[in-house]
Amino acid sequence: MNGILIIDKPTDFTSFDVVAVVRKSLHEKKTGHTGTLDPMATGVLPILLGSAAKAQVYLPDTDKEYICSFQFGLATDTLDITGKILNECPSNITTNQIEEILPQFRGDIMQTPPMYSAVSKNGVRLYELARKGIEVEREPRPVTISKLELLDFDESTQSGKLQIACSKGTYIRVICDDIGKTLNNLCTMTALRRVKACGFDESEAVPLQKVRELGENGILPYIKPVESLFTHLNEINITDKQAFRFSNGGNLALSRLKGISDSTNGTLYRVYNNHAFIGLGSVNAQLNELAFEKKF
């Protein structure tokens, strides 16, 4: 079974838990995911099945999009509602105050990873240190916030929702915490849902329970072809003879290929024969060839 299954991850499941359920339900040993979601988070989790598992290293660093809920006047050790409450304070933040400071968090910004994260410090995961009550200095990292909008805010409860599109490695709970600090208050993330990832959105996602119920044969209509991961790449169609050579790891002369629009070294192409997806090829500008990259 080869392809991509977009799972709507339920809360309290790790990404590895989801992989285990899919592997067991579909009897597919080669199963992986494209990006970790914390147990409290829900939403889009693309699962790679069979030969699609080989595609992970080629996936673009596309923006992921989230809807997060937050609460002012509250701080926890994990920066989200699952953590231990460290502090509480009165809060009278207004909608206008939030809107005024949001531009500070849009675009290319620096973000400090939280202590409860999988980032390593001297070979040790930060969350391992955090569980021992140890806090260490962390280096800020560049991230890109391409969208940050306030969807809703209730001034009476001091709670609201944000829509955030961001680059890989962005911590949404840190954004909430930083917003609180900027407003001289406390702010904790109370819920998180990923609505887009790897070019797929939540409308395409299948509930994990449905995978369990339908099983191997019933879920087939929901499995997307491997090439759907590479729609951002240009495609070329090759002849039967070229396909035979390419499928066996052979390179193809660019001068004999139709549809090469970019011959920049390293440019990837989706390669088809009679409209059937074969795999990926990359331009070798020095040899003026399309080099075999990966067969799926």
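The structure reproduced in this document is the subject of the present report. (Residues numbered from 1 in each chain as written. Predicted model: local features only at pLDDT ≥ 70, side-chain atom pairs only at ≥ 80, totals over all residues. Heavy atoms only, no water.)

## What to know about the packing of aromatic side chains
Step number 1: In this structure the tally under the stated criterion is eight aromatic pairs.
Step number 2: Geometrically, the ring pair formed by Phe72 and Phe153 is edge-to-face, given 5.8 Å between the ring centres and 80° between the ring planes. Of this pair, Phe72 sits in strand β4 (residues 64–72) while Phe153 sits in strand β10 (residues 141–154), and the two are 81 residues apart along the sequence. Of the two residues examined, Phe72 and Phe153, each falls in the buried class. (Phe/Tyr/Trp six-rings, centres within 6.5 Å; stacked < 30°, edge-to-face > 60°. Helix = DSSP H or I, 4+ residues; strand = E, 2+ residues; numbered from the N terminus. Buried < 20%, exposed > 50% of the residue type's maximum accessible area, 1.4 Å probe, protein only.)

## Here we look at the side chain of Arg173
Step number 1: Position of Arg173 relative to the elements: it lies in helix α4 (residues 172–182).
Step number 2: Looking at Arg173, the relative accessible area reads 6%, which means it is buried.
Step number 3: The residues touching Arg173, leaving out its near neighbours within four places in the chain, are Asp38, Thr78, Leu79, Asp80, Pro114, Tyr116, Ser117 and Met189. (Contact = heavy atoms within 4.5 Å.)

## As for helix α1 (residues 15–26)
Step number 1: If you check α1, its first and last C-alpha atoms are 17 Å apart, about what 12 residues at 1.5 Å a residue would give, namely 16 Å.
Step number 2: Within α1 the residues assigned to the buried category are Ser15, Val18, Val19, Val21, Val22, Ser25 and Leu26. Around the axis of α1, the buried residues are gathered within 165° of arc, so they sit on the same side. Turned more than 90 degrees from where α1 packs its buried face, Phe16 and Lys24 sit exposed.
Step number 3: For α1, the secondary structure elements touched by its buried residues are β1 (3–9), β2 (31–33), β3 (42–49) and α5 (208–218).
Step number 4: Once α1 ends, the next one or two residues include His27, with phi positive near 55°. (Expected span 1.5 Å × (residues − 1). Arc of directions from axis to C-beta.)

## What to know about the sheet that holds strand β17 (residues 268–273)
Step number 1: Across the sheet, five strands lie side by side as β15-β17-β18-β19-β16; this open sheet has mixed pairing. What marks the edges here is a single partner per strand, and that holds for β15 (235–238) and β16 (252–253).
Step number 2: Two strands pair when backbone bridges link them, and strand β18 (residues 276–284) and strand β19 (residues 289–295) are joined in this way by six bridges, in the antiparallel orientation. Looking at the pairing, Leu280 lines up with Lys294 of β19.
Step number 3: Docked against the sheet, helix α6 (residues 240–247) engages β15, β16, β17, β18 and β19, running at close to 75° with respect to β18. (Pairing = 2+ DSSP bridges. Axes fitted to C-alpha atoms, helices over the stretch in contact; angles between N-to-C directions.)

## A short note on the pairing of strand β12 (residues 187–197)
Step number 1: For β3 and β12, the ladder comprises two bridges, and the chain directions are parallel. Looking across to β12, one finds that Thr42 is bridged to Arg193.
Step number 2: Pairing of β4 with β12, which is carried by eight bridges, proceeds in the antiparallel orientation. By the bridge assignment for β12, Cys68 is matched with Leu192.
Step number 3: Summarising the sheet, β12 and strand β13 (residues 200–201) pair through two bridges and their orientation is antiparallel. Residue pairing for β13: Ala197 is matched across the bridge by Phe200.
Step number 4: Between β12 and β13, which follow one another and run antiparallel, lie two residues, and Cys198 among them has a positive phi close to 55°.

## Focus: the side chain of Ser25
Step number 1: Mapped onto the fold, Ser25 is located in helix α1.
Step number 2: Once residues lying within four places of it in the same chain are set aside, the contact partners of Ser25 are Val211, Arg212, Gly215 and Glu216.

## Observations concerning the pattern of salt bridges
Step number 1: Evaluated as defined, the whole model comprises nine salt bridges.
Step number 2: Between Asp8 and Arg193 there is a salt bridge whose closest N-O contact spans 2.8 Å. With Asp8 in strand β1 and Arg193 in strand β12, this residue pair connects regions lying 185 residues apart in the sequence.
Step number 3: Taking the shortest distance from any N to any O, the salt bridge between Lys181 and Asp177 comes out at 3.1 Å. Remark: Asp177 and Lys181 occur in helix α4; sequence separation between them is four residues, near one turn of the helix.
Step number 4: A relative accessible area of 52% places Lys181 in the exposed class. (Salt bridge = Lys/Arg side-chain N within 4 Å of Asp/Glu carboxyl O.)

## Points about the pairing of β10
On any regular strand, side chains alternate: one points to one face of the sheet, the next to the other face.
Step number 1: Relative to β10, strand β7 (residues 107–111) runs antiparallel, the two sharing five bridges. The residue bridging Gln111 from the neighbouring strand is Arg141, located in β10.
Step number 2: Pairing of β10 with strand β11 (residues 159–166), which is carried by eight bridges, proceeds in the antiparallel orientation. Across the sheet, Ile145 pairs through a bridge with Cys166, a residue of β11.
Step number 3: Connecting β10 to the next strand, β11, in antiparallel fashion are four residues, including Gln158 with a positive phi near 60°.

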